[in-house]
Amino acid sequence: MESAEQLNELVSAEGRNRKAVLCQRCGSRVLQPGTALFSRRQLFLPSMRKKPTLADGSNPDGDLLQEHWLVDDMYIFENVGFTKDVGNIKFLVCADCEIGPIGWHCLDDKNSFYVALERVSHE
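Residues numbered from 1 in each chain as written. Predicted model: local features only at pLDDT ≥ 70, side-chain atom pairs only at ≥ 80, totals over all residues. Heavy atoms only, no water.

With respect to the packing of aromatic side chains
In step 1: Counting across every chain of the model gives 4 aromatic pairs.
In step 2: Ring plane angle 75° and centroid distance 6.1 Å describe the contact between F38 and W69, whose orientation is recorded as edge-to-face. Of this pair, F38 sits in strand 3 (residues 37-46) while W69 sits in strand 5 (residues 62-71), placing them 31 residues apart in sequence.
In step 3: Take W69: its relative accessible area is 0%, and that puts it in the buried class.
In step 4: Ring pairing ties together the aromatic residues F77, F82 and F113, which thus form one cluster. (Phe/Tyr/Trp six-rings, centres within 6.5 Å; stacked < 30°, edge-to-face > 60°. Helix = DSSP H or I, 4+ residues; strand = E, 2+ residues; numbered from the N terminus. Buried < 20%, exposed > 50% of the residue type's maximum accessible area, 1.4 Å probe, protein only.)

Regarding the sheet that holds strand 1 (residues 21-23)
In step 1: The sheet built from 3 strands is open, its strands ordered 2-1-11 with antiparallel pairing. Two strands lie at the open edges of the sheet, namely strand 2 (29-31) and strand 11 (120-122), each paired on one side alone. Averaged over all pairs of adjacent strands, the angle between their axes in this sheet comes to 45°, without regard to strand direction.
In step 2: One ladder, built from 2 bridges, connects strand 1 with strand 2; its direction is antiparallel. (Pairing = 2+ DSSP bridges. Axes fitted to C-alpha atoms, helices over the stretch in contact; angles between N-to-C directions.)

Considerations on the sheet that holds strand 3
In step 1: Across the sheet, 6 strands lie side by side as 3-5-10-9-7-6; this open sheet has antiparallel pairing. Since the sheet does not close on itself, it has two edges, and those belong to strand 3 and strand 6 (81-82), each with one partner.
In step 2: The pairing of strand 6 with strand 7 (residues 89-93) spans 2 bridges and is antiparallel. Within strand 7, the residue paired with F82 across the bridge is L92.

Remarks on the pattern of salt bridges
A side chain with one charge can pair with a side chain of the opposite charge if their charged atoms come near.
In step 1: With the rule as written, the count across this model stands at 4 salt bridges.
In step 2: Its salt-bridge partner being R119, residue D63 comes within 2.9 Å of it at the nearest N-O pair. A residue pair is termed long-range when its members are at least 10 positions apart, and D63 in strand 5 and R119 in the loop between strand 10 (113-116) and strand 11 qualify at 56 residues.
In step 3: Put simply, D85 and K90 hold a salt bridge, and the shortest N to O gap is 2.8 Å.
In step 4: We classify K90 as partly exposed; its relative accessible area is 23%. (Salt bridge = Lys/Arg side-chain N within 4 Å of Asp/Glu carboxyl O.)

Below, the structure is given as structure tokens:
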């Protein structure tokens, strides 16, 4: 979880991302500054792996994460991929190196894409 000081560096007064959001592994840009809203929602994300092992439906180890960037349109992303459906969930991965999941999307809500702050870097 980010400290209040760290969050202040990342989140603008309007609640948007101040910095670009990047893949931790390859540095590929996922989101431009100002394109996502900060959101607190408890979501389970499996441990970081390559895309094929995420979609096999097994019960992986993972983390319960609470701090996310919320994007309301999939076309806002600069670079993101999606796993095959796992129940009614698609996990978000880096489209370049396929590491993930960096985020979460429920198929029941077409306008909510969550990117976990702990799974990305900022520049």
